[in-house]
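Each chain, letter by letter, is given below.
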Amino acid sequence: MSPAMSVVWLNGRLLPAAEARIDPADRGFTLGDGLFETIRVAGGNARHLDRHLARLADSAALLGLPLSHDAAALAAAAEALIAAQGCVEGVLRITLTRGTGARGVLPPVDAVPTLLMTLAPAPPPAGPVEAVIARVTRRNEHSPLSRVKSLNYLDSILARQEAATRGAGEALLLNSAGRLAESSVANLFIVRDGRLLTPPVAEGALPGIRRALILERGDASEAPLSVADLLGAGEAFLTNSLGLRPLLRVDGQTIGAGTVGPVTAALLKDIAAE
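Just so we're clear, the structure is a prediction, and the values are computed from it rather than from any experiment. (Residues numbered from 1 in each chain as written. Predicted model: local features only at pLDDT ≥ 70, side-chain atom pairs only at ≥ 80, totals over all residues. Heavy atoms only, no water.)

S.K.: Could you clarify how one ought to interpret helix α3 (residues 71-85) in this entry?
M.R.: In an α-helix there are 3.6 residues to a turn, and that puts residues three or four apart on one side. With 15 residues, α3 should cover 21 Å at 1.5 Å per step; its first-to-last C-alpha distance of 21 Å lies within 8% of that length. What α3 keeps buried is the set L74, A77, A78, L81, I82 and Q85. The arc that holds the buried residues of α3, viewed along the axis, is 130°, so those residues lie on one side. Opposite the buried face of α3, at more than 90 degrees from it, the exposed residues are A72, E79 and A83. Where α3 begins, the capping side chain belongs to D70, and its oxygen is found 3.3 Å from the backbone nitrogen of A72. Where α3 terminates, the next one or two residues include G86, which has phi positive at roughly 60°. (Helix = DSSP H or I, 4+ residues; strand = E, 2+ residues; numbered from the N terminus. Expected span 1.5 Å × (residues − 1). Buried < 20%, exposed > 50% of the residue type's maximum accessible area, 1.4 Å probe, protein only. Arc of directions from axis to C-beta. Polar contact = N/O pair within 3.5 Å; in protein donor to acceptor, adjacent residues only side chain to side chain.)

S.K.: When you look at the side chain of T239 in this model, what are you seeing that I'm missing?
M.R.: Within the secondary structure, T239 is located in strand β13 (residues 235-240). Of the residues examined, T239 reaches a relative accessible area of 1% and is grouped as buried. With residues near it in sequence (within four places) discarded, T239 still touches A186, N187, F189, R210, R211, I214 and L244. (Contact = heavy atoms within 4.5 Å.)

S.K.: I would appreciate a short explanation of the pairing of strand β7 (residues 129-133) in the present structure.
M.R.: Where a strand is regular, its side chains alternate between the two sheet faces. Counting buried residues in β7 gives 4 out of 5 residues, a clear majority hidden from the surface. The pairing of β7 with strand β14 (residues 243-250) spans 3 bridges and is parallel. Bridging from a neighbouring strand, V129 pairs with L247 of β14. Direction of pairing for β7 relative to strand β8 (residues 170-174): parallel, over a ladder of 3 bridges. Residue pairing for β8: V132 is matched across the bridge by A171. (Pairing = 2+ DSSP bridges.)

S.K.: I keep staring at the packing of aromatic side chains and nothing clicks. Help me out?
M.R.: To describe a pair of aromatic rings, you give the distance between the ring centres and the angle between the ring planes. Evaluated as defined, the whole model comprises 2 aromatic pairs. Centre to centre, the rings of F36 and Y153 are 5.4 Å apart; their planes meet at 70°, and the pair counts as edge-to-face. Placement of F36 in strand β3 (residues 34-42) and of Y153 in the loop between β7 and α4 (154-165) is noted, with a sequence separation of 117 residues between them. Classification of F36 as buried rests on a relative accessible area of 7%. Summarising the aromatic geometry, the rings of F189 and F237 are spaced 5.2 Å apart at their centres and angled 10° between planes, so their arrangement reads as stacked. (Phe/Tyr/Trp six-rings, centres within 6.5 Å; stacked < 30°, edge-to-face > 60°.)

Set out below in C-alpha cells:
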C-alpha cells in the first residue's frame, strides 16, 4: 500500500489502510470476478463521478453482480475519503467484487459483494507517446467484457509487456476482424481528412468516460478504423479518465507531422481547464 494511501473506504466505513482486509476466498482475487472504476480527483473533487457510478451500476447489472450501495452513498463515501486524506489532486479507484464463494465458477446465489474505495496521489502528466500494434493478443469485441472495466486485465498486461519489449510506451489492440479497438488503457481518436474519429463500442472500444465527453461535444464521430487509417491520420491521441495523451508514432511510423496537432492541443487545454 502506498504510504500516501493512509485511509481507505471498505464496505461502508473508513479505516486505516493498514487495517483493511479482503477475504482470501473473495472471487475478485481468485477469479477476477469484479469491476473497477478509475476517477480523476482535481481541485479536491472527483471529476465526472456521476458518469463513473452510472457505468459501474450498468456493468454490475450486466454481470449480475450485486451492488450494495447506491450512487448517493458512493458519492458521499468518495467525498469522505477525499476529505480524510486531504487530497487535492489524485486518483480515486472503486473496486467491486462479488465477494466470497465456494470453489468453482458458478457464483453463489446469496453473494455479498466487497466494495473498496482507495485514493492515490496523482501521477505526473502523461506526455506524448509512441505505440506498437500488439501481436500477442487481440480485443474480443464479441464479449460483453469488452464493454466493462473488469478486474481481469491480462490482455492489457500482455499488450503493455509487448510494447515495453519493443521499446514503446503503449500498445494498440486490434479486434478479431483486424481493425483498431483501443489501447491497453485508453480509447483511441484520430484526425483524418478533417474528421475526428474513434472506434465504435461494437468494434471493441470500452465506452470510456472521456470518450463520451468528446463525442457529446459534437465534433467527433464513431467509425471503424484500420491500421492504414491511423497511419494516414494527421493527428492521433489516447484518452482515459485521467486525461489525454498525444500519439506521435506507431510501429516506428510517424503520425502526421510527428508533433502535437491543433485538435489535440485544443482538447488538452480544455481538460486542463476543467
